[in-house]
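In case you want the letters, here they are:
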Amino acid sequence: MSDMLLQVKAVETYYGNIRALGGVDVEVNKGEIVCMIGANGAGKSTLMMTICGSPQARTGSVTFDGQDITHMPTHEIARLRIAQSPEGRRIFPRMTVYENLQMGASLDNLKYFNEDVEKIFTLFPRLKERQAQRGGTLSGGEQQMLSIGRALMARPKLLLLDEPSLGLAPLIVKQIFAAIKVLNKEQGLTVFLVEQNAFAALKLSDRGYVMVNGKVTMSGSGKELLANPEVRAAYLEGGHH
Amino acid sequence: MEYFVQQLVNGLTLGSIYGLIAIGYTMVYGIIGMVNFAHGDIFMLGGFSALIVYLLLLSVFGGIPIALALFVMIIVAMLMTGLWNWVIEKMAYRPLRGSFRLAPLITAIGMSIALSNFIQVTQGPRNKPIPSMVSSVYEVFGISISLKQIIIVLVTAVLLTIFWYIVNHTPLGRAQRATEQDRKMAALLGIDVDKTISITFVMGAALAAVAGTMYLMYYGVIVFTDGFTPGVKAFTAAVLGGIGSLPGAVLGGIMIGLIESLWSAYFTIDYKDVATFSILAVVLIFKPSGILGRPEVEKV
Ligand SMILES: Nc1ncnc2c1ncn2[C@@H]1O[C@H](COP(=O)(O)OP(=O)(O)OP(=O)(O)O)[C@@H](O)[C@H]1O
Ligand SMILES: [Mg+2]
């Protein structure tokens, strides 16, 4: 299990002169589900995008499967099978649902498309109904499903999810988290996710990190963090479990 | 009535040429938000490439079937002009991507001047005639339609169909549309955005080269300044149709072709450009995004 897939080491990322990440260390092993929790503006999305090289880390390094990807162009990183459902979902608004999914399968030139799209439609029957609709006209929740589905179409080795539960009804969140668990258990998919929904995320994850102001302040197993009084006070209290 | 239909035929011919050029403007604008001011000169370059190919063919083979000659001219002009635009994009525009908005526009204006001067120096400043290629004219119900016009409209229709297919139904076309809609997301999905933009420039140039070849065949002469007026007209066509919209570019091209011929036929020819631009102004007042354009969406 302790076969390292992703290693983020002392990464600093800047937007102009503003430092968004101030020396972040994160490790994700093969087959794990790892989550990052933290307040708004902590730098979680920046970390996800830095892993994909957009923006690139100014110092420190990102290593994937033993390969240094810190200064690799984004599209080449994607070709190593790191797929992301990014913040804001970024659905192509003037493409149909079906075409958005085709875009997800660009890496293999649609070789496994027919087979894989059926799996996505089983996971999100809603997308099947809406496959001819333009992405931009989907509801927020439907867009979220599409964004996750599109990322899965790439047959990723590492799936990055930036707030997958955002805007979704609790029942759908449950379904998605259950689906992630199944993909992880059955296909050994490695997942690194960012969540505001700390309780659900920590429960799902093998391990978790807490980010404050661009720095990782705590880490531990999902259970440990759930039990940690500081974490409870900052991210869980008031949330209903 | 026959006179009117005659003008429609003439306008459609002219409009096909504008439409082919307009696609290059609209695609480049769509994908990187840049008005490629040098595109008219790319068109002119395409015309010169075709001319040189034809003269070479004549001097090597003596006589050559016109259909074959045209085919070779079109293909070589597309390749040569595509290559030119590929190099220009890589050297002049790409380094400026991400700098302030006017930088690429100013560079493109410079490139436009450089290209026309280059042709002036290498090909001379005078009109270059092409030995007459096609001269048959058919009379249909009192309307005279020349073979040239038929060729122009047919070639345009075939190319537009191929082009439409590429953009809407191939992985390349999807990559282009994805890059246009969200460049960062396209990269996250493994699309080489720079390459996709390069290909877009090449495709636009190839269509402009065909337009250049048709223009050369239609008018029988070409000169280094010929990029300007048709370029401006085609740009107007792109704006009129809705910049960023491919069907819009074709529609705009045909409309401008028709307006020009009809105006010249019934009113004074001196004011045909005034008429064209007045109609553009009127359309933009009522529909600022052009006929088929979508309202400006924020670019991220
Ligand atoms: N493109 C940008 N330009 C300048 N500053 C940015 C940019 N993107 C993010 N930031 C800043 O970087 C910091 C981290 O932002 P980031 O989006 O990574 O936070 P986050 O943890 O994902 O927050 P949230 O939970 O609200 O999504 C914030 O202070 C933000 O204002
Ligand atoms: Mg975020």
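Nothing here was measured: the structure is a model prediction, and the numbers come from that model.

Trainee: I'd like to hear about the site of ligand 1, residue by residue, with values.
Mentor: Residue and element names in this part refer to chain A. Near ligand 1 lie 13 residues; those nearest to it are Lys44, Ser45, Thr46, Glu87 and Gln196. Contacts to ligand 1 include Gly41, whose backbone N or O atom sits 2.8 Å from an oxygen atom. Separating an oxygen atom of ligand 1 from a side-chain N or O atom of Glu87 is a distance of 2.6 Å. Ranked by residue count, the leading element in the shell around ligand 1 is helix H1 (residues 44-51), at three residues. Its residues assigned to classes, the shell around ligand 1 comprises four nonpolar, six polar and three charged.

Trainee: How would you sum up the coordination of the magnesium ion (ligand 2)? Please name residues and give values.
Mentor: Residue and element names in this part refer to chain A. Around the magnesium ion (ligand 2), the protein contributes the donor atoms Ser45 (OG) and Glu87 (OE), at 1.9 to 2.3 Å from the metal centre. Of this pair, Ser45 sits in helix H1 while Glu87 is found in the loop between strand E6 (82-85) and helix H3 (97-104), placing the two residues 42 residues apart along the sequence. The exposure class assigned to Ser45 is buried, which follows from its relative accessible area of 17%. For Glu87, a relative accessible area of 47% puts it in the partly exposed group.

Trainee: Run through the UniProt feature "transmembrane region" (unreviewed entry) in chain B, naming residues and quoting values.
Mentor: UniProt records the feature "transmembrane region" (unreviewed entry) at residues 12-35, 42-61, 67-88, 140-167, 199-222, 234-259 and 271-292 of chain B, using the numbering of this structure. Measuring from the first to the last C-alpha atom of residues 42-61 of chain B gives 28 Å, for a span that is 100% helix and 0% strand.

Trainee: Describe helix H4 (residues 102-123) of chain B, naming the residues involved and giving the relevant values.
Mentor: All names here are of chain B. The end-to-end C-alpha separation of H4 is 31 Å, in line with the 32 Å expected for 22 residues at 1.5 Å each. Next to the buried residues of H4 lie helix H2 (39-61) and helix H3 (66-93). Looking one or two residues past H4, Gly124 carries a phi angle of roughly 90 degrees, positive in sign.

Trainee: Please set out the interface of chain A and chain B residue by residue, giving values where relevant.
Mentor: At the junction of the two partners, chain A supplies 24 residues and chain B supplies 21 residues. For the pair chain A and chain B, the two sides together bury roughly 2,100 Å², of which 60% comes from carbon and sulfur. The interface formed by chain A and chain B includes three salt bridges. Notably, a salt bridge pairs Asp182 of chain B with Arg90 of chain A, separated by 2.8 Å at the nearest N-O pair.

Trainee: Now, about the pattern of salt bridges: what can you tell me, with residues and values included?
Mentor: Any two side chains of opposite charge can pair, given that their charged atoms come close. Residues and elements named next belong to chain A. Applying the stated criterion across every chain yields a total of 20 salt bridges over all chains. Taking the shortest distance from any N to any O, the salt bridge between Glu32 and Arg207 comes out at 2.7 Å. A residue pair is termed long-range when its members are at least 10 positions apart, and Glu32 in the loop between strand E2 (18-29) and strand E3 (33-38) and Arg207 in strand E9 (residues 207-212) qualify at 175 residues. The partly exposed category is assigned to Arg207, whose relative accessible area is 21%.

Scoring rules and cut-offs
Residues numbered from 1 in each chain as written. Chains lettered and ligands numbered in written order. Predicted model: local features only at pLDDT ≥ 70, side-chain atom pairs only at ≥ 80, totals over all residues. Heavy atoms only, no water. Near = heavy atom within 4 Å. Polar contact = N/O pair within 3.5 Å; in protein donor to acceptor, adjacent residues only side chain to side chain. Helix = DSSP H or I, 4+ residues; strand = E, 2+ residues; numbered from the N terminus. Nonpolar A, V, L, I, M, F, W, Y, C, P; charged D, E, K, R; others polar. Donors = N, O, S within 2.8 Å, 3.2 Å for Na, K, Ca; no water. Buried < 20%, exposed > 50% of the residue type's maximum accessible area, 1.4 Å probe, protein only. UniProt positions renumbered as here; feature names shortened; annotations may be inferred. Expected span 1.5 Å × (residues − 1). Contact = heavy atoms within 4.5 Å. Buried area = accessible area lost by both parts, 1.4 Å probe. Salt bridge = Lys/Arg side-chain N within 4 Å of Asp/Glu carboxyl O.

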